[in-house]
Amino acid sequence: MQKEKWKKVVMDILAEMLGSMLIALGIYNFALEAGFPMSGFSGLAMIIYRLTGLPIGVTTILLNIPVTLLCFRVLGKGFFFRSLRCMVISSICVDVIAPLLPVYQGDRMLSALCTGVLSGIGYAMIYMRNSSTGGADFVIMSLKAVKPHLSLGKIMFALDFLIVLLGGVIFQDVDGIIYGIIINSLLSLVVDKTMYGINSGKLALIVTERGKEVTEIIDERTGRGTTILHASGGYRQEDKQVVMCACNNKEMYLVEQAVKEIDDKSFMIMLESNEVLGEGFHVTRVAQTDEQKNRQL
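Residues numbered from 1 in each chain as written. Predicted model: local features only at pLDDT ≥ 70, side-chain atom pairs only at ≥ 80, totals over all residues. Heavy atoms only, no water.

## Overview of the packing of aromatic side chains
The description of an aromatic ring pair uses the distance of the two centres, along with the angle that the planes make with each other. Tallying each qualifying case throughout the model produces 5 aromatic pairs. For the ring pair Phe-30 and Tyr-104, a centre distance of 5.6 Å and an interplane angle of 35° mean the geometry is tilted. Highlighted residues: Phe-30 in helix H1 (residues 2-34) and Tyr-104 in the loop between helix H3 (56-97) and helix H4 (108-128), separated in sequence by 74 residues. (Phe/Tyr/Trp six-rings, centres within 6.5 Å; stacked < 30°, edge-to-face > 60°. Helix = DSSP H or I, 4+ residues; strand = E, 2+ residues; numbered from the N terminus.)

## Considerations on the state of the cysteines
By the definition in use, this model includes 0 disulfides. Its sulfur unpaired, Cys-86 is 8.7 Å from the next cysteine sulfur, which belongs to Cys-93. In this structure Cys-86 comes out as buried when scored by relative accessible area, which is 0%. (Disulfide = S-S within 2.5 Å. Buried < 20%, exposed > 50% of the residue type's maximum accessible area, 1.4 Å probe, protein only.)

## Some points on the environment of Lys-240
Relative to the helices and strands, Lys-240 resides in strand E3 (residues 239-247). Among the residues examined, Lys-240 registers a relative accessible area of 23% and is labelled partly exposed. The spacing of Lys-240 and Leu-229 is 11 residues in sequence and 8.6 Å in space, taken between C-alpha atoms. Those residues in contact with Lys-240, other than ones at most four positions away along the chain, are Val-207, Thr-208, Glu-209, Leu-229, His-230, Ala-231, Ser-232 and Gly-233. (Contact = heavy atoms within 4.5 Å.)

## Here we look at helix H6 (residues 152-170)
With 19 residues, H6 ought to run about 27 Å at 1.5 Å a step, and its terminal C-alpha atoms sit 27 Å apart, in line with that. Within H6, burial applies to Leu-152, Gly-153, Ile-155, Met-156, Asp-160, Ile-163, Val-164, Gly-167 and Gly-168. Of the residues one or two after H6, Gln-172 is the one with positive phi, at around 55°. (Expected span 1.5 Å × (residues − 1).)

## Examining the pairing of E3
Pairing geometry for strand E1 (residues 201-208) and E3, over 7 bridges, is antiparallel. Bridged to Leu-203 within E3 is Ala-246. The pairing of strand E2 (residues 227-232) with E3 spans 6 bridges and is classified as antiparallel. What sits directly across from Ile-228, in E3, is Val-243. Taken together, E2 and the strand that follows it, E3, pair antiparallel across an intervening segment of 6 residues, in which Gln-237 is found at a positive phi of about 65°. (Pairing = 2+ DSSP bridges.)

This is how it looks when you write it as structure tokens:
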């Protein structure tokens, strides 16, 4: 038990380091030089600084205090302390490691695309370990915990869009709004595809008259369970069997080849499954309150 616990901690730290490095590359090596508007609490702090002259660092701390208390109350101390650790790691990546690497000074559109993709993958890796980089992430994860039916990408896009739009309107920066929308759209898409793609898979519906043999060879080749549904043909009304099998993308090819060997007259339908939950499939859950975690125990 202790060994598994330490293994999880090491995996968490490695994911946070790699994710933070990707975010740092997106922000420092692509977004900063291109002059894109900042989102999150940094963006709000920069808006307040330009309007009032209040130091960015002080403003960021003031914004973080109530949100940190909210996060601690909603998501618990475990998430809070993981986020503190990740905040330190991400700060080191942005301030120390990223400046050692070349800064891209080419086309702004390419910079926007790289910023969205790199940052999206980085945030997804951190979120999948049930951690965050602090700041606006506390708001995003708290909203996800309270409204679990919403995707993290959509919450991120809505929050960042409001901040970018606010800065663009106040300072009359139309180009900044456009680039900000492009970055946030791409970032939210990458986050959702990276995170929820882990739970995705394939669903095979196999219409056959040799259901038992089909289920046996699928189990032999892939180890996946199957379900036999009883049906009848629409035209001749003959008795049919529909074998239903959920598997990952790699295993679907093995299923297809196995079924052809047993019944080359079978009719197969391959469907995309956004999420497959249950035995044999890994489930990624993020932003859960203590009450939600207790219900699963």
